[in-house]
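If you want the building blocks of each chain, they are given just below.
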Amino acid sequence: MDADKKPEWSDPNEPDKCSSVIRRGKEQEGQAASLRKNIRFQKRRSSEPAVEELYTGVLAGDRGLLARAITLVESNAEQHFQKAQNLLQRLLQHSGKSLRIGITGVPGAGKSTFIETFGTYLCDQGYRVAVLAIDPSSSISGGSILGDKTRMELLARNPRAFIRPSPSAGKLGGVHRKTREAMLICEAAGFDVILVETVGVGQSEVIIRDMVDFFLLLVLTGAGDELQGMKKGIMELADALIVHKADGANKQKAEQTRKEYNRILHFLQPATKGWSTKAYTCSSLNGDGIEGIWEVLKSFERNGKETGVFEDRRKGQKREWIYSMITDQLQYSFFHHPEVRLMLPQLENEVMSGEKTVASAVEKLFHAFLSGKE
Ligand SMILES: Nc1nc2c(ncn2[C@@H]2O[C@H](COP(=O)(O)OP(=O)(O)OP(=O)(O)O)[C@@H](O)[C@H]2O)c(=O)[nH]1
Ligand SMILES: [Mg+2]
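On a predicted model such as this, the values are computed, not experimentally measured, just so you know.

**Brief notes about the overall build of the chain**
Argument step 1. Tallying secondary structure elements over the chain gives 17 helices and nine strands in all.
Argument step 2. The buried share of the chain, taken over its 374 residues, is 31%.

Given below as structure tokens:
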């Protein structure tokens, strides 16, 4: 074999020890052709980059390696876990310098369009912007990722921006860990602003609130009933409310809605100490109000850094992170425990047919789980 020719395969851990090269074998007449017909050729995957390569690549802002670093932390494979943690450990000291903004709102509120316009505005101002998404529905519906990518077409092509669709949760969660870690990597890569989008359904607002500095709630006009029905809890998480799509015939109505929200916000507990949450209007179609929102964000950051509230929140979030990770890990090891996996379907049936109480079934599972541990 030529000295400079790469082998077809080699052990990635010990590349010098053993390798192989594929040679054409002897063939019977006609066999090769029929074999070729049946083989679906697959693109050969290039080898996984080492931690060192990912580390220097991320710090240098190499987009390809940044994407692969995020893929590594998002991986559910056990053999990737340690490698991902080594990488994160090294990147940690370079993270923490960006402004983290969470954006939520009901489906169709215009979150993706807002991110497109707002993100492009920030890039024009000289900032580098990373967009991450938490999609609570992705494990069920396959996600709205494709839709989002096309909606953020302009931003996706901007060299100052980086868009990452939501990680798939797998059956046992871990989405928030993955998003937090992806955020950390983007920060180390030098992004100044991180925008995290989530659909405003269920628990995702609470999760997102726990990982960002500023939380933005997009709402629409047509207040009245909707305003009454809107969960007070969600409004109390927000640092700003934006009455979106304030353009054309909707402009005046949006202004009215803004005033109504401000009246309500006045009576609510503010999400951040020393900051009063207010409502604003904006349009992502014509850009009205976008600059003003950035002013609000900057003043929030300045204010929070002066009073120490900003740092306190980040510290609190790190503490919360520990607990959410413990919960994730426990859940993972419980449901992957061989004994538990074996017993669960049978116990489920026994509970459903009324032979066993839920509590006794769970106790049995925990007994197996705990006694199986060394
Ligand atoms: N008039 C007007 N329409 C807008 C504006 N922003 C978004 N839209 C429209 O609203 C619709 C929904 O926008 P998206 O950005 O996809 O909304 P979303 O909140 O990301 O939706 P999901 O990702 O499905 O939750 C699209 O048809 C947009 O063109 C705006 O500022 N003004
Ligand atoms: Mg969207």
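**Regarding the nonpolar core**
Argument step 1. The biggest cluster of nonpolar side chains holds 68 residues, and the ones touching the most others in it are Ile185, Ile194 and Leu216.
Argument step 2. Ignoring anything within four residues of it in the chain, the contact list for Leu216 reads Ile101, Gly102, Ile103, Ala238, Asp239, Ala240 and Ile242.

**Let's talk about unusual backbone geometry**
Peptide bonds are mostly trans, and most non-glycine residues show a negative phi.
Argument step 1. The backbone of Lys245 sits at a positive phi, close to 60°, despite the residue not being glycine.
Argument step 2. Looking at where Lys245 falls in the secondary structure, it is placed in the loop between β8 (240-243) and α13 (251-265).

**Some thoughts on the pairing of strand β4 (residues 129-134)**
Argument step 1. Of all six residues making up β4, six are buried, and the element is well covered by its neighbours.
Argument step 2. Both faces of β4 are covered, namely the face carrying Val129, Val131 and Ala133 and the face carrying Ala130, Leu132 and Ile134.
Argument step 3. Bridge count between β4 and strand β6 (residues 193-199): six bridges; the pairing is parallel. If you follow Ala133 over to β6, its bridge partner there is Glu197.

**Observations regarding helix α14 (residues 290-307)**
Argument step 1. If you check α14, its first and last C-alpha atoms are 26 Å apart, about what 18 residues at 1.5 Å a residue would give, namely 26 Å.
Argument step 2. For α14, the set of buried residues is Leu297, Phe300 and Gly304. Each buried residue of α14 sits inside an arc of 60° when the element is viewed along its axis, so together they form one side. Looking at α14, the residues exposed on the side facing more than 90 degrees away from the buried face are Glu291, Gly292, Glu295, Lys298, Ser299, Arg302, Lys305 and Glu306.
Argument step 3. Looking at the packing, one finds that the buried side of α14 touches β3 (99-105), β7 (214-219) and α15 (309-336).
Argument step 4. Gly308 sits one or two residues past α14 and shows a positive phi near 90°.

**Overview of α13**
Argument step 1. With 15 residues, α13 extends 21 Å between its outermost C-alpha atoms, agreeing within 8% with the 21 Å of an ideal straight helix rising 1.5 Å per residue.
Argument step 2. Considered for burial, the residues of α13 that qualify are Ala254, Thr257, Arg258 and Tyr261. With its buried residues spanning 110° around the axis, α13 presents them on a single face. Opposite the packed face of α13, turned more than 90 degrees from it, sit the exposed residues Gln252, Lys259 and Arg263.

The rules behind the values
Residues numbered from 1 in each chain as written. Chains lettered and ligands numbered in written order. Predicted model: local features only at pLDDT ≥ 70, side-chain atom pairs only at ≥ 80, totals over all residues. Helix = DSSP H or I, 4+ residues; strand = E, 2+ residues; numbered from the N terminus. Buried ≥ 20, exposed ≤ 12 C-beta atoms within 10 Å, placed from the backbone. Core = buried A, V, L, I, M, F, W, Y, C linked by C-beta atoms within 7 Å. Contact = placed C-beta atoms within 7 Å. Pairing = 2+ DSSP bridges. Expected span 1.5 Å × (residues − 1). Arc of directions from axis to C-beta.

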